[in-house]
Amino acid sequence: MTTRKRDSRIGRRYRWNSLLFGAPFLAALSIAFYAHHHGRTDWFIAAWVVGLGIAVTGFVRQQRLFRRYSCPDCGGRLENPSRRPHEPVEYFCPRCDVIWETGLFEPDE
């Protein structure tokens, strides 16, 4: 019989990713504003380029975390067949016979 379990680690993964890329992005942004205030165009452009690279990399990694979900019990890669707006994001593991509830909902299209 299929059981339902709540994945409590998914929020932690997203928070870590946000910190991992958010803090360096804010640092680059701060350097850019400091450089702009002091008339250092070369530092300003470099900081914006680095900041943009960090932001894009963080966004891509966040999307990969969302699309590539692994079963917390067996580690198998799982697919989410339901992608309708406002429905909960859940993953079914056929090996463990478990439906993993993430606590996330599919956004509007």
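Refer to the preceding data block for the structure.
Residues numbered from 1 in each chain as written. Predicted model: local features only at pLDDT ≥ 70, side-chain atom pairs only at ≥ 80, totals over all residues. Heavy atoms only, no water.

### A word on the packing of helix H1 (residues 10-37) against helix H2 (residues 41-67)
As a reminder of what qualifies: Interaxial angle, 0 to 180 degrees, is taken between N-to-C directions of lines fitted to C-alpha atoms, where a helix line uses only the stretch in contact. Secondary structure elements follow DSSP: runs of H or I of four or more residues count as helices, runs of E of two or more count as strands, with numbering from the N terminus. Working definition: roughly parallel below 35 degrees, roughly antiparallel above 145 degrees, roughly perpendicular at 65 to 115 degrees, and oblique for all remaining angles. Helix crossings fall into two classes, left-handed where the near helix is turned counterclockwise from the far one by less than a right angle and right-handed where it is turned clockwise. Under the convention adopted here, Pro, Cys and the residues Ala, Val, Leu, Ile, Met, Phe, Trp and Tyr are nonpolar, Asp, Glu, Lys and Arg are charged, and Gly plus all remaining residues are polar.
Their axes nearest at 8 Å, the elements H1 and H2 cross at an angle of 165 degrees. As summarised for this structure, H1 and H2 are arranged roughly antiparallel, according to the angle between their axes. At the point where H1 passes H2, the crossing takes the left-handed sense. Its residues assigned to classes, the contact of H1 with H2 comprises 19 nonpolar, seven polar and two charged.

### Regarding the nonpolar core
Convention followed: Throughout, nonpolar core names a set of buried Ala, Val, Leu, Ile, Met, Phe, Trp, Tyr and Cys residues whose side chains join them through atoms within 4.5 Å. Summary of the burial criterion: residues with accessible area below 20% of their type's maximum are buried, those above 50% are exposed, and those between are partly exposed, where the area comes from a 1.4 Å probe applied to protein chains only.
Counting residues in each nonpolar core, the largest one holds 11 residues, listed as Ile10, Tyr14, Phe66, Tyr69, Cys71, Leu78, Val89, Tyr91, Cys93, Val98 and Trp100. Among the elements of the structure, H1, strand S4 (88-93) and strand S5 (98-105) are those that each provide at least two residues to this core. In terms of residue count, the dominant contributor to this core is S4 (three residues).

### Details of the side chain of Thr102
As a reminder, the rule being used: Here a polar contact is taken to be a pair of N or O atoms separated by no more than 3.5 Å, where protein atoms must pair a possible hydrogen donor with a possible acceptor and residues adjacent in sequence count only if both atoms sit in side chains. Every residue pair with non-hydrogen atoms within 4.5 Å of one another is taken to be in contact.
Tracing the backbone through its elements, the reader meets Thr102 in strand S5. Polar side-chain contacts of Thr102 include one of 2.6 Å to the backbone oxygen of Val89. Engagement of the side chain of Thr102 in a polar contact is seen with the backbone nitrogen of Leu104, the distance being 3.1 Å. With sequence-adjacent residues up to four places away left out, Thr102 is seen in contact with Arg6, Ile10, Tyr69, Val89 and Tyr91.

### Some remarks on the pairing of S5
Defined as follows: Being paired, for any two strands, means DSSP has found at least two bridges between them.
Judged from the four bridges that link them, strand S1 (residues 3-6) and S5 form a sheet pairing that is parallel. When the sheet's bridge partners are listed, Arg4 is paired in S5 with Ile99. Count of turn residues in the S4/S5 antiparallel hairpin: four residues, of which Asp97 carries a positive phi of about 60 degrees.

### Points about the packing of aromatic side chains
Going by this rule: Two aromatic rings, drawn from Phe, Tyr or Trp (for Trp, its six-membered ring), form a pair once their centres lie within 6.5 Å of each other, and the interplanar angle then sorts them: stacked below 30 degrees, edge-to-face above 60, tilted otherwise.
Summed over all chains, the structure comprises three aromatic pairs. Ring centres 6.4 Å apart and planes at 80 degrees place the aromatic pair Phe33 and Trp48 in the edge-to-face group. Here the residue Phe33 occupies a position in helix H1, and Trp48 occupies one in helix H2, the gap between them amounting to 15 residues. Their ring planes at 70 degrees and their centres at 6.2 Å tell us that Phe44 and Trp48 sit as a pair that is edge-to-face. Highlighted residues: Phe44 and Trp48, both in helix H2, separated by four residues, approximately one helical turn. With a relative accessible area of 25%, Phe44 lands in the partly exposed category.

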